[in-house]
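Chains, contacts and geometry: an overview
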Amino acid sequence: EYLVNCSSNIQVMGKRLRTSREEIDLSCCNISLKYEVWKLGALILIECKNWGKKVGVEVLREIAYIMSYKGNATTILFASNGITINAKNEILNYAMSGKYILCINKNELKAIDSNHSFEELINRKYNLLASQIENSIELLAV
């Protein structure tokens, strides 16, 4: 929440939102006029997992469900110990359907020293994910 509050491009709209269908740590509105930030979409969700283990596929499936329900394109997942190999593959699958889940681990979080570097990290993660799927055969309509 602190990082988002320091950003002039993303604004927290709600935190710890719980409904019968979902729980969201932070719901954010993209108020940027910059293309690099706006490509993330108007609504950005943030999920935080400060776990001693890596985040697995089951968490990503919950996130993707919420993204489908909310209609947003990007979720930032702060996972202190990262994600499993299967979860990385699942992120690629979701990206091919327009759902971008950007994972930030504790080492990457510690390296953030300004709101500018936070936005650079998000953009770098987004661009890397987009480049990993851009030539995928699965994107072709059959």
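Just above sits the structure.
Overview of the structure. (Residues numbered from 1 in each chain as written. Predicted model: local features only at pLDDT ≥ 70, side-chain atom pairs only at ≥ 80, totals over all residues. Heavy atoms only, no water.)

1. Thoughts on empty space enclosed by the protein
Tallied over the entire structure, the rule returns one cavity of 30 Å³ or more. Looking at the largest cavity, its volume works out to about 60 Å³. Around the largest cavity, the lining residues are Glu-23, Ile-24, Asp-25, Leu-45, Ile-46, Glu-47, Ile-63, Ile-66, Met-67 and Thr-75. Breaking the lining of the largest cavity down by element, the ones donating at least two residues are β2 (23–30), β3 (43–49) and α3 (57–70). Tallied by class, the residues present in the lining of the largest cavity amount to six nonpolar, one polar and three charged. (1 Å grid on protein atoms, 1.4 Å probe; cavity = no way out; pocket = protein on both sides within 12 Å on 5 of 7 lines; lining within 4 Å. Points joined across faces, edges and corners; volume = space filled by probe spheres on them. Helix = DSSP H or I, 4+ residues; strand = E, 2+ residues; numbered from the N terminus. Nonpolar A, V, L, I, M, F, W, Y, C, P; charged D, E, K, R; others polar.)

2. A few points about the pattern of salt bridges
Inspection of the entire model under this criterion finds four salt bridges. With a closest N to O distance of 3.2 Å, Glu-1 and Lys-15 form a salt bridge. Placement of Glu-1 in the segment before α1 (2–6) and of Lys-15 in strand β1 (residues 10–18) is noted, with a sequence separation of 14 residues between them. A relative accessible area of 41% places Glu-1 in the partly exposed class. In this structure, the salt-bridge partner of Lys-49 is Glu-47, at a minimum N-O distance of 3.1 Å. Each member of the pair, Lys-49 as well as Glu-47, carries the same accessibility label: buried. (Salt bridge = Lys/Arg side-chain N within 4 Å of Asp/Glu carboxyl O. Buried < 20%, exposed > 50% of the residue type's maximum accessible area, 1.4 Å probe, protein only.)

3. Details of the packing of aromatic side chains
Each aromatic ring pair is described using two quantities: the centre-to-centre distance and the angle formed by the ring planes. One pass over the full model with this rule turns up two aromatic pairs. Seen in terms of ring centroids, Phe-78 and Phe-118 are 6.5 Å apart; in terms of plane orientation they differ by 15 degrees. Their pairing is stacked. Placement of the pair is Phe-78 in strand β4 (residues 74–79) and Phe-118 in helix α6 (residues 115–133), with a sequence separation of 40 residues. (Phe/Tyr/Trp six-rings, centres within 6.5 Å; stacked < 30°, edge-to-face > 60°.)

4. A short note on α6
Between the first and last C-alpha of α6 there are 28 Å, a value that for 19 residues agrees with the 27 Å anticipated at 1.5 Å per step. Three or more residues of α6 are buried, namely Ser-117, Phe-118, Glu-119, Leu-121, Ile-122, Asn-123, Lys-125, Tyr-126, Leu-129 and Ile-133. Among the structural elements, α1, α2 (35–38), β4, α4 (85–96), β5 (100–104) and α5 (106–110) are those in contact with the buried residues of α6. (Expected span 1.5 Å × (residues − 1). Contact = heavy atoms within 4.5 Å.)

5. Overview of the side chain of Thr-75
In this structure, Thr-75 sits in strand β4. Sequence-distant contacts of Thr-75, that is, excluding residues within four places in its chain, are made with Leu-45, Ile-63, Met-67, Tyr-100, Ile-101 and Leu-102.

6. Some thoughts on α4
With 12 residues, α4 should cover 16 Å at 1.5 Å per step; its first-to-last C-alpha distance of 17 Å lies within 8% of that length. In this fold, the buried residues of α4 make contact with α3, β5 and α6. Just downstream of α4, Gly-98 is the residue with a positive phi angle, here 90 degrees.

Just distances and angles here, no functional claims.
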